[in-house]
Amino acid sequence: MKKMILIASALMISASAVHAQDVKPGDVALSIAQPQAYIEVTGTATTKVTPNKIEVAINLNEADSRGKTSLASLEQSLAKALNDAGVDTEKQLVVTDQSSSSAKRKSIYQYKSYRLTLTNASEVATVFSLLDANGIANANVIKTDHTDIKLIEQKTKGEAMQNAKSTAEALTAAIGQ
């Protein structure tokens with residue numbers, strides 16, 4: 001008896017599923033969309049950008065001279081080099097790190113780190129040569145940037161889109177579309 005009820009319910013379910021798939025003459029038939037032909041292209045564009053914001057890290061460390069030169073004299077040498085280069089130390093120079101020790105021991109050396117912001121490569125070359133002439137050799141460029149980089153990126157992306165569009169038009173013209 002249980003088998004009969006199970007078989008009867010299975011037949012009813014399958015019959016309703018088959019009936020749900022029937023299309024009657026008055027029903028709206030689903031149209032099968034034809035796949036549309038498309039083409040994928042890429043466009044590229046390059047722009048050379050000269051940075052107008054260059055950050056230089058300068059590290060002063062007594063350990064470089066094994067304590068023979070004090071941090072104060074290294075700072076004076078730095079100030080002289082930057083003034084000779086025409087750098088406005090009030091606006092362009094920032095202290096990023098420093099050590100301080102109240103008791104001076106032979107094994108404890110003080111250090112100080114600065115970040116200098118310059119605007120062009122010739123200033124960087126002048127500063128580096130003057131730092132070297134004043135006995136400060138621990139300086140390096142840590143970051144280069146351009147103040148209008150977002151605008152330059154947008155312009156370059158627009159040029160890349162134009163190049164992609166012209167490539168797509170040339171390819172579709174070849175097949176007459």
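As shown above, the structure is provided for reference.
Reference entry: report on the structure contained in this document. Note that the structure is a prediction, hence the values are computed from the model and not measured.

From N to C terminus, the protein chain includes five helices and four strands. Listed by position from the N terminus, the elements making up the protein chain come as α-β-α-α-β-β-α-β-α. The burial tally for the protein chain puts 19% of its 177 residues in the buried class. Taking the intrachain contacts of the protein chain between residues at least 6 apart in sequence as the baseline, contacts between residues at least 24 apart amount to 73%.

By secondary structure assignment, the location of Gly 135 is in the loop between helix 4 (121–133) and strand 4 (139–145). On the basis of relative accessibility, which here comes to 58%, the residue Gly 135 falls in the exposed class. Note: C-alpha distance between Gly 135 and Leu 74 (61 residues apart in sequence) is 8.2 Å.

Here the focus is the nonpolar core. Judged by nonpolar contacts, the single largest core of 19 residues is most densely connected at Ile 58, Leu 60, Leu 78, Leu 116 and Leu 131. Put simply, the parts of the chain that give this core at least two residues each are strand 1 (53–61), helix 2 (71–84), strand 3 (111–118) and helix 4. In terms of residue count, the dominant contributor to this core is helix 2 (five residues). Among residues more than four places away in sequence, those in contact with Ile 58 are Leu 78, Lys 112, Ser 113, Tyr 114, Leu 116, Leu 131, Ile 136, Asn 138 and Ala 139.

Let us now look at the sheet that holds strand 2 (residues 93–98). Strand pairing in a sheet relies on backbone hydrogen bonds, with the paired strands running either antiparallel or parallel. Within the open sheet, the four strands sit side by side as 2-3-1-4. Their pairing is antiparallel. Strand pairing shows two members of the sheet lacking a second neighbour, strand 2 and strand 4, which therefore form its edges. Across the sheet, the mean angle from the axis of one strand to that of its neighbour is 25°, orientation sign disregarded. Helix 4 rests against strand 1, strand 3 and strand 4 of the sheet, and its axis sits at about 170° to strand 4.

Moving on: the environment of Ala 72. For Ala 72, the location among the structural elements is in helix 2. A residue is classified by how much of its surface remains accessible, and Ala 72, at 44% relative accessible area, is partly exposed. Residues Ala 72 and Leu 60, twelve residues apart in the sequence, show an inter-C-alpha distance of 9.7 Å.

Applying the stated criterion to the full structure yields three salt bridges. In this structure, Lys 112 and Glu 75 form a salt bridge, with 2.6 Å as the shortest nitrogen-oxygen distance. Residue Lys 112 is found in strand 3, and its partner Glu 75 is found in helix 2; the two are separated by 37 residues along the sequence. A relative accessible area of 15% means that Lys 112 is categorised as buried.

Rules used throughout
- Residues numbered from 1 in each chain as written.
- Predicted model: local features only at pLDDT ≥ 70, side-chain atom pairs only at ≥ 80, totals over all residues.
- Heavy atoms only, no water.
- Helix = DSSP H or I, 4+ residues; strand = E, 2+ residues; numbered from the N terminus.
- Buried < 20%, exposed > 50% of the residue type's maximum accessible area, 1.4 Å probe, protein only.
- Contact = heavy atoms within 4.5 Å.
- Core = buried A, V, L, I, M, F, W, Y, C linked by side-chain atoms within 4.5 Å.
- Pairing = 2+ DSSP bridges.
- Axes fitted to C-alpha atoms, helices over the stretch in contact; angles between N-to-C directions.
- Salt bridge = Lys/Arg side-chain N within 4 Å of Asp/Glu carboxyl O.

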